[in-house]
Each structure stands twice: as structure tokens, then as C-alpha cells.
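# Understanding the architecture of this molecule
Spelled out from the first residue to the last, the chains are:
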Amino acid sequence: MKLLKPQRCFVAHFDMLGFKSAVCNNTIEACNALEALRVKMQGITDSYLEIVTEERTISGYISPHMFSDSVLIYTRGDTPDDLLSILILSAKLFCDSLLCGVPLRGGISSGDFYVNEEYQLFCGVPFVKAYVIGEEVQWLGVVIDDVVKTRFDEQTLLSKDNADKIVKWDVPLKNNGGKSAWVLNWCMFMGYKKQPPFKGIDLYSVFERIYGYSYDHLSPDVKSKYKNTADFLNQFYPKQQ
């Protein structure tokens with residue numbers, strides 16, 4: 001415990017869907033996917049986020065780390081600016097990765113997080129929660145822990161521009177069940193040229209080069225992940241004005 005110092009913050013965990021299959025199918029493409037993910041994350045953290053009347057870089061609020069196909073992101077504190085930063089980074093990272101052929105899923109939680117960046121040691125309940133709520137679902141997306149939604153409501157973030165960043169959705173689970181949960185509305189950052197309706201095959205087409213299988217050759221279980229993601233996209237994708 002002497003090496004690990006606690007800090008109250010927001011924590012996000014992501015990993016790449018089907019990474020083992022991608023590596024076994026084409027190791028070079030899997031490595032390219034990891035590099036693309038790193039580049040996208042770096043580009044977003046260096047971008048500007050307008051908060052109140054100042055322009056500040058998102059990197060001033062968050063600390064991102066990659067371990068193979070897993071991404072850990074945590075904030076420097078638990079202020080409204082920290083929360084807004086991790087929500088925006090997570091949504092943009094998810095969308096940018098999706099469009100460049102890297103399918104992610106994940107979760108965001110909050111609480112006491114123990115960190116030693118020098119030795120790359122990370123431990124805490126919010127890390128575990130973010131991992132669990134992200135891994136139990138049958139789709140590509142980001143689940144928000146209830147405690148994060150509560151903080152979002154309390155921290156005067158419900159402006160016209162922010163109110164739709166977190167939405168309620170019936171999230172499909174791996175056991176063929178489902179649960180009503182708060183999720184990150186990543187659709188607001190999508191850059192598709194076409195409009196809904198989308199199908200699972202539309203989303204999967206960009207990943208075919210990584211996995212080496214056409215959509216028709218996927219198992220029903222895997223197909224359902226892309227179908228469920230398309231259902232979410234069809235519901236929340238911004239309509240053209």
C-alpha cells in the first residue's frame with residue numbers, strides 16, 4: 001500500500017472485441033489495430049475541450065494507459081470538468097475506433113482509485129466495476145455505472161449540450177437476458193455519411209479484414225453483438241436537420 005496512493009476519480013475501461021480471434025487470424029492486422037487505437041486516443045487527448053469560457057486540453061484532466069488491447073482511462077480528480085472530459089474522450093475514442101476498424105466495449109465507474117504511475121500499478125473498486133459492466137454486455141458500447149450518472153446529475157452538467165451524453169437503454173447481456181442501464185450516447189460523435197436504418201452487417205463490414213470472416217460466416221452469438229449495436233445506433237443516431 002505504500003506504493004499506491006488513493007485518489008477519488010472517474011475510471012473507464014475498454015477492450016477490443018474478439019482480439020484473440022483477430023491475432024490468430026492475422027497478427028499484422030491485429031497489431032495495426034492496436035496502433036490505430038493508440039493514435040486515435042492520443043489525438044483525442046491532445047484536442048481541445050471548451051469548458052466554461054476557457055479552452056483547456058482534455059489531457060489536463062485524464063490519464064490514459066494501454067495494455068495490449070485494453071485501455072484504462074482515469075481522471076485526475078472528480079470535478080464536473082473531469083467527468084465531462086472522460087465522457088467526451090470515451091465517446092470520441094469509441095466512435096473513432098469503430099470507424100477505423102477497431103471494435104470496443106467498456107464501462108465507466110467512479111470512486112477511490114489507487115495509482116502508482118511510475119510502476120504502472122492500478123487498483124480499485126471503480127476499475128473492477130468498469131470492467132464488469134463493460135464485459136457482461138452483448139454489444140459494442142459503453143455502460144455507465146449508476147454512481148457516475150448520479151454525479152452527472154448533481155454536477156450541473158445537464159445543459160442543453162450535455163443532457164443527451166448519457167441515455168437509458170435496454171442493454172442486451174451475454175446470457176440472452178437484458179437490463180435497463182445508463183449508457184454513453186456515443187452516437188453523437190459518429191461520422192457516418194449514410195442515415196439509419198443500419199444493420200449488423202453494415203457495422204461489421206469494416207472489421208472483416210481483421211477477423212477474416214464474412215458476416216454470413218459469423219456465429220449467431222457474434223452476429224447478435226453487431227445487430228444489437230445497430231439497434232442502438234438506429235435509436236440514438238442524430239437525425240439530419
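Now for a description of the structure that goes with this document.

What counts, and at which threshold
- One numbering rule holds for all chains: residues counted from 1, following each sequence as written.
- Local features are withheld for residues below a pLDDT of 70 in this predicted model, meaning they are given only at 70 or higher, and side-chain atom pairs are given and counted only at 80 or more; totals for whole chains, interfaces and linings count all residues.
- Calculated side-chain values reflect all of the structure's heavy atoms, with hydrogen atoms and water omitted.
- Each residue's exposure class comes from its accessible area (1.4 Å probe, protein chains only) as a fraction of the maximum for that residue type: buried when under 20%, exposed when over 50%, partly exposed otherwise.
- In this text, helices come from DSSP runs of H or I with a minimum length of four residues, and strands from runs of E with a minimum of two, each type numbered from the N-terminal end.
- When DSSP finds two or more bridges between two strands, those strands count as paired.
- Note on method: axes are straight lines fitted to C-alpha atoms, helices fitted across the in-contact stretch only, with angles between N-to-C directions ranging 0 to 180 degrees.
- Handedness of each helix crossing follows the sense of rotation of the near helix against the far helix: counterclockwise by less than a right angle gives left-handed, clockwise gives right-handed.
- Contact criterion: two residues are considered in contact whenever any of their non-hydrogen atoms come within 4.5 Å of each other.
- Side-chain classes are defined by residue name, with Ala, Val, Leu, Ile, Met, Phe, Trp, Tyr, Cys and Pro counting as nonpolar, Asp, Glu, Lys and Arg as charged, and the others, Gly among them, as polar.

## A few points about the pairing of strand β6 (residues 104-116)
Across the 13 residues that make up β6, a large majority, 11, are buried. Bridge count between strand β1 (residues 5-16) and β6: 12 bridges; the pairing is antiparallel. By the bridge assignment, Phe14 is partnered in β6 with Gly106. Relative to strand β7 (residues 121-123), β6 is paired through three bridges, and the arrangement is antiparallel. Considered in β7, the bridge of Asn116 is made with Leu121. The loop that links β6 with its antiparallel partner β7 comprises four residues; one of these, Gln120, has a positive phi angle of about 55°.

## Examining unusual backbone geometry
The phi torsion at Ser68 lies on the positive side, around 55°, for a residue other than glycine. Looking at where Ser68 falls in the secondary structure, it is placed in the loop between β4 (62-67) and β5 (70-75). Owing to a relative accessible area of 46%, Ser68 belongs among the partly exposed residues under this scheme. At Gln120, a position not held by glycine, the phi torsion is positive, near 55°. If you trace the backbone, Gln120 turns up in the loop between β6 and β7.

## Quick look at the packing of helix α2 (residues 27-45) against helix α3 (residues 80-99)
Running from amino to carboxyl end, α2 crosses α3 at an angle of 145°, the nearest separation of the two axes being 10 Å. Both α2 and α3 take part in a crossing whose hand is right-handed. Each of Leu37, Lys40, Met41, Ile44 and Thr45 in α2 lies in contact with α3, whose residues at this interface are Leu89, Lys92, Leu93, Asp96 and Ser97. Broken down by class, the residue content of the contact of α2 with α3 amounts to five nonpolar, two polar and three charged.

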